[in-house]
Amino acid sequence: MFDRLQSVEDRYNNLNELLSDPEVVNDLNKLREYSKEQSDLQGTVDAYREYKEVKSQYKDSKQMLEEKLDADMREMVKEEVSDLEDQIEVLEERLRLLLIPKDPNDDKNVIMEIRGAAGGDEAALFAGNLFRMYSRFAETQGWKIDIMESNPTGLGGFKEIIFMINGKSAYSKMKYENGAHRVQRVPETESGGRIHTSTATVAVLPEAEEVDVEIHEKEVRVDTFASSGAGGQSVNTTMSAVRMTHLPTGITVSMQDEKSQIKNREKAMKILRARVADKFLQEAQAEYDAVRKSAVGTGDRSERIRTYNYPQNRVTDHRIGLTLQKLDQVLEGKMDEVIDALIMEDQAEKLERMNDTNV
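Quantities reported herein were computed from a predicted structural model and do not represent experimental measurements.

What counts and how
- Residues numbered from 1 in each chain as written.
- Predicted model: local features only at pLDDT ≥ 70, side-chain atom pairs only at ≥ 80, totals over all residues.
- Heavy atoms only, no water.
- 1 Å grid on protein atoms, 1.4 Å probe; cavity = no way out; pocket = protein on both sides within 12 Å on 5 of 7 lines; lining within 4 Å.
- Points joined across faces, edges and corners; volume = space filled by probe spheres on them.
- Helix = DSSP H or I, 4+ residues; strand = E, 2+ residues; numbered from the N terminus.
- Domains from an automatic or database assignment.
- Phe/Tyr/Trp six-rings, centres within 6.5 Å; stacked < 30°, edge-to-face > 60°.
- Buried < 20%, exposed > 50% of the residue type's maximum accessible area, 1.4 Å probe, protein only.
- Lys NZ or Arg CZ within 6 Å of the ring centre and 35° of its normal.
- Core = buried A, V, L, I, M, F, W, Y, C linked by side-chain atoms within 4.5 Å.
- Contact = heavy atoms within 4.5 Å.

Participant: Before we go on, may I ask you to explain the layout of surface pockets in this structure?
Facilitator: Which parts of space are left empty comes out when a probe the size of a water molecule is rolled across the atoms. The space that makes up the largest pocket amounts to roughly 1100 Å³. Lining the largest pocket are 33 residues, with Ile 100, Pro 101, Lys 102, Asp 103 and Asp 106 positioned closest to its centre. Of all the secondary-structure elements, those providing two or more residues to the lining of the largest pocket are α1 (2-18), α3 (28-64), α4 (71-98), α6 (170-174) and α9 (336-358). For the lining of the largest pocket, the leading source of residues is α3, giving six residues. Mapping the lining of the largest pocket onto the domain boundaries places at least three of its residues in each of domain 1 (1-99) and domain 2 (110-210 + 300-357).

Participant: Looking at this structure, I do not really get the packing of aromatic side chains. What am I missing?
Facilitator: Note on aromatic pairs: each is described by the distance of the centres and the angle between the planes. Here the structure, examined in full by the defined rule, presents four aromatic pairs. With a centroid separation of 5.8 Å and 80 degrees between ring planes, the pair formed by Phe 131 and Phe 158 is classed as edge-to-face. A residue pair is termed long-range when its members are at least 10 positions apart, and Phe 131 in helix α5 (residues 121-141) and Phe 158 in strand β3 (residues 158-166) qualify at 27 residues. What makes Phe 131 buried here is its relative accessible area of 12%. Between Phe 137 and Trp 143, the aromatic rings sit 5.7 Å apart at their centres with planes inclined by 85 degrees, giving edge-to-face as the arrangement. Since its relative accessible area comes to 10%, Trp 143 is described here as buried. Taken together, the ring pairs connect Phe 131, Phe 158 and Phe 163 into an aromatic cluster. For Arg 185, the ring lying beneath its charged end belongs to Tyr 310, and the centroid distance is 4.7 Å.

Participant: Teacher, can you tell me more about the environment of Lys 59 here?
Facilitator: Residue position: Lys 59 is located in helix α3. Taking the C-alpha atoms as reference, Lys 59 lies 8.8 Å from Val 81; in sequence the two are 22 residues apart.

Participant: Sorry, what's going on with the nonpolar core here?
Facilitator: Generally speaking, nonpolar side chains in soluble globular proteins are found buried as a group. Residues Met 112, Ile 114, Leu 130, Tyr 134, Met 174 and Tyr 308 are the most contacted members of the largest nonpolar core, which totals 34 residues. At eight residues, the largest contribution of residues to this core is made by α5. Dropping the residues within four chain positions of it, Tyr 308 is found in contact with Phe 126, Leu 130, Met 133, His 181, Arg 182, Val 183, Gln 184, Arg 314, Val 315, Leu 327 and Leu 331. Of all hydrophobic cores here, the second largest spans 17 residues; its members include Ile 111, Met 148, Ile 271 and Leu 272.

What follows is the structure in structure tokens.
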């Protein structure tokens, strides 16, 4: 571990020199690349330097115990050694976590797609509940939500809603929401008071930039058509709606949320680029899962990941066996306890994998 940490610090020092090099300063792409890499290494380097400083203090204190000291001084040094040992233990654990390979998408914005699945109108209402939950959570994180496309129902739910979350490290927290969500409750439309089970699916895609996935113009077929549904005078009068098809993969995106065709094209391309990038990611994940199945996982969208039980005010995450009697709070966006538990489980699994590799 410490050889790796020293390599990280050496690379950090090398980047400092590179960022002072006139050739790099005059090359915006290299300057941006090296600055980001240095920023990514900063936390690990700071922790490693703190660790080395504490280890040095510990060594000095241990040497003092070998000298002739009066009783009071010896007791004081012993306490200092004990405190430093505790600090070393905490720092070593922190350094292990910092060495876990970082998901390159963690810092990105996300595009989320929620769809009502099994359960008809009740599933659509549940999709609306999930959207509200994520919206409230985004508010607590200081993130901004931009609805890109929605297909609402008359009862206040959504057959489908696609939205972007813009915010620092949004994907690092929201990626665990990928999958099928199940609700157990008495529907508003049910007069007999029977508990029904319905589902909604959630897809979480990291926003893909042009540098992440290259889509050539000739690979995309663009069709325009008149928008339908709510929308005022523009409905069925202007060809503002857009359908984009990525020919190599067959992925299709339709967008009619905006009255402007240009804006619909921009939104559709964002979603298309994210879906194409995600398809490649899913294929790579499938290959990986064939070798080792992840306990937390963010890949299989058919996997039932969580149950929301209204009568018992209970939410259960099936991947990690977490059950909380706080459904009302979770639905209000207080999701930190669930997400933090998922992150900790994911980190523990990656640490175990690193240890297995080192063995």
